[in-house]
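Each chain, letter by letter, is given below.
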Amino acid sequence: MKSAWVMRGMIGFYIFLFFAYLFGPLIVMSITAFNTPNYPQAYPFESFTLNWFVKLWNDRAMMEGLRNSIIIGLGVVAVSVPAGLAAAIIMSQIYHRARGLFYLVTISPLLTPGVIIGISTVIFWKDVLSITDVTKAVFYKGIILAILGQSSFVSAYCLLIFMARLTRFDRAQEEAALDLGASYPQVFWHILLPFLKPAVVSAIVIGFLSSFENYNTTTFAILADKTLVTVLAGQVRQGTTPALSALAVIIISISLVGAITYEVIKRREQARADLAQRRAKIAERAEVEASALPATSSA
Amino acid sequence: MSSRLVVLFVPFVVIAAFWLMARYEARQRHDPTHKGYFERNGMLLGIMFIFLVSLWTLFLVALPYLYMVVESFHPTLRPLERGGPNDVLTLAQYESFFVAHTGEGMNKVHIGAFIFSILASIAVTALNFAICYPLAFYMAQSGTPQKVRLLMLALIVPYWVNEILRAFSLRLLLATKGLINNVMVAAGFIDTPIDFLGNNVGLYVGLSYAYLLVMIFPLYNAIESLDKNQIEAARDLGAPWWRIHKDVVIPYAKPGIASGCTMVFMLSAGSLAAPQFLGGPRTLWFTSVIYNFFFQNFNWARGSAYAFILLAACIALVMLMLRLFKISLGETIK
């Protein structure tokens, strides 16, 4: 019994260490955002200030980067979610001998270093768009190349999300609809797509976030433009300022709010589901008793 | 220019070959219930699917990759010379990786950077496996569902903060003026600050920190489906805890372990942020070499060659490991 107690203590200590490693640096960084010295330091803590947030707000490069990041994120979602969905459906219909190669090609961007995706995107599209002066002037832009480069691996994430959901799709539903006279496109719009809705939502969220955070591919594909992450990288390279910590505080707060909301929603759903189940059971029992009653009285 | 154009036809030839094979096979065993692609999806959706998938797989994946490989077999040229008489196929870019630019001896700087990146990535992969395995096992086998969900959330939240800021936060801890040194000097443990970044401690910590999540989820998924009774049985038969892991859990979770290790290795070998912001001043990471060819020397051909060397080496190493541990690639990517 004592050894089990020791074991539990050790596991607890290990989990504590793990999360200290995970959160420690972020907590330290958050503290530096509120400290006055020019060099971000957590200890010694001199005095409390919110100046770094003001400085961040006035940083024009950062704001322009943020705007571009949002545009690119939306563009990537617009390309990747449909492409991932189409690939997931084609995966189940494609000629069986080609399936292995198709899978390899669609998944390869996940195994390719992001640097290489960025380089190949720029080299290829530069030559393709240079065919005419007009296409070069209109389309050879950092934002567009970043969307193209990032979409290659974000689509692969989306494909995996859709494939995971599709394995749980009940083919009987499709057959029932077809027997009742629905056409295949109707099955797609009215049965398959509603079934895939949760996967679509998570593909959008994951796609946007991974586009927003990407550095390796973007730093090549963005050319002369900038995104929030490339601006950040430039600032970290030049030196360190607590304004970066202030930005981190904002991002961490948004994440925490998001995570807590998610948890609350999940718990409520759970509670509602439990309640509904309990009610159904009570109703069922009442019904059974009611139907049993006249039977016993007549007997 | 011609070689560049020729390669663009390769994917179309492959597609045509598969299409002909499919036609041939369909004719061989005629199946009246079989429905054609457009019959199944309708004209509009069918065209839309094909358009989207070919945009992605051809124009965003296959063609750019092939084009980059072709570029690496071309000499370094000024923009005006492209397509001219000097634009021939050559192995010069690959030669320059091995031979020093003086023409004699090996290119020690770049080969050194390459070997260092690969070895350090392997070390980081091993480190992350050691750190993540116990937590993954705990979450998969002994945690209550509610606790596991909370732990998951706690794992994911730090990853909403981007790579650059995470590297920055580690720099605040490990720099000579950073928190750890400040506290240790103030407490009197050391007189002069330790240069964690200069001796690459920062680099290893940064890489490990960046890819913890990539290791833990595949491990968790693999161990989670292991039947608890198997562990119980092993325990009842008197197996000590380390044998349970060695003979029961790890063999079962092998695909998950392979997938986690592959991802962490590939991501570290290809990472750019941690080496740039946490590496010592004398440390040269291979992706930084590639980066410099693009942004300082504008030598795209040589950068492409180096990128291809990196990709080929990584794939070869992963394949070798999978072969060694007898796992197929299909099991790894799930």
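This is a predicted model, so every value here is computed, not measured.

Student: Explain the nonpolar core to me, please; I cannot follow it from the model alone.
Tutor: Inside soluble globular proteins, nonpolar side chains tend to come together where they are buried. Core analysis: the largest hydrophobic core is formed by 148 residues, its most contacted members being Ala136, Leu219 and Ala307 of chain B. For this core, the leading source of residues is helix α3 (residues 60–93) of chain A, giving 13 residues. Taken domain by domain, this core gets at least three of its residues from each of domain 1 (2–72) and domain 2 (108–332) of chain B. Setting aside chain neighbours within four positions, we find leucine 219 of chain B in contact with Cys132, Tyr133, Ala136, Ala253, Gly256, Ile257 and Gly260 of chain B.

Student: Sorry, what's going on with the domain arrangement of chain B here?
Tutor: A common way to state how big an interface is: give the accessible area lost once the parts meet. Residue and element names in this part refer to chain B. Per the domain assignment, the segments of chain B are domain 1 (2–72) and domain 2 (108–332). One C-alpha centre belongs to domain 1, the other to domain 2, and the line joining them spans 37 Å. Facing four residues of domain 1, the contacting portion of domain 2 comprises six residues.

Student: Any chance you could explain the interface of chain A and chain B here in plain terms?
Tutor: Contact with chain A, which involves 71 residues of that partner, is made by 66 residues of chain B. Broken down by element, the residue count for the side of chain A that touches chain B peaks at twelve residues, all from helix α1 (residues 2–32) of chain A. Taken together, the residues that form the side of chain A that touches chain B break down as 50 nonpolar, 17 polar and four charged.

Student: I keep staring at the environment of serine 3 of chain B and nothing clicks. Help me out?
Tutor: All names here are of chain B. Within the secondary structure, serine 3 sits in helix α1 (residues 2–8). Separated by 71 residues in sequence, serine 3 and histidine 74 place their C-alpha atoms 9.7 Å apart. When sequence neighbours within four positions are dropped, the list of residues in contact with serine 3 reads Val70 and Leu89.

Student: So what exactly am I meant to see when it comes to unusual backbone geometry here?
Tutor: With phi around 55°, leucine 223 of chain A is a residue other than glycine that occupies positive phi space. What makes leucine 223 of chain A partly exposed here is the crowd of 15 C-beta atoms within 10 Å. Phi at asparagine 200 of chain B takes a positive value of approximately 70°, unusual for a residue other than glycine.

Student: I keep staring at the environment of lysine 55 of chain A and nothing clicks. Help me out?
Tutor: Residue and element names in this part refer to chain A. Tracing the backbone through its elements, the reader meets lysine 55 in helix α2 (residues 51–57). You can call lysine 55 partly exposed: it has 14 C-beta atoms within 10 Å. Considered as a pair, lysine 55 and glutamine 235 are 180 residues apart in the sequence and their alpha carbons are 14 Å apart.

Student: Sorry, what's going on with the environment of isoleucine 164 of chain B here?
Tutor: Along the chain, isoleucine 164 of chain B turns up in helix α8 (residues 163–174). Isoleucine 164 of chain B gets classed as buried once you count the C-beta atoms within 10 Å, which come to 26. In the structure, isoleucine 164 of chain B is positioned 113 residues away from phenylalanine 277 of chain B in sequence and 8.2 Å away in space, judged by C-alpha atoms. With residues up to four places along the chain from it excluded, the contact list for isoleucine 164 of chain B reads Tyr215, Val229, Leu232, Ala233 and Val236 of chain A together with Ala273 of chain B.

Calculation criteria
- Residues numbered from 1 in each chain as written.
- Chains lettered and ligands numbered in written order.
- Predicted model: local features only at pLDDT ≥ 70, side-chain atom pairs only at ≥ 80, totals over all residues.
- Core = buried A, V, L, I, M, F, W, Y, C linked by C-beta atoms within 7 Å.
- Buried ≥ 20, exposed ≤ 12 C-beta atoms within 10 Å, placed from the backbone.
- Helix = DSSP H or I, 4+ residues; strand = E, 2+ residues; numbered from the N terminus.
- Domains from an automatic or database assignment.
- Contact = placed C-beta atoms within 7 Å.
- Nonpolar A, V, L, I, M, F, W, Y, C, P; charged D, E, K, R; others polar.

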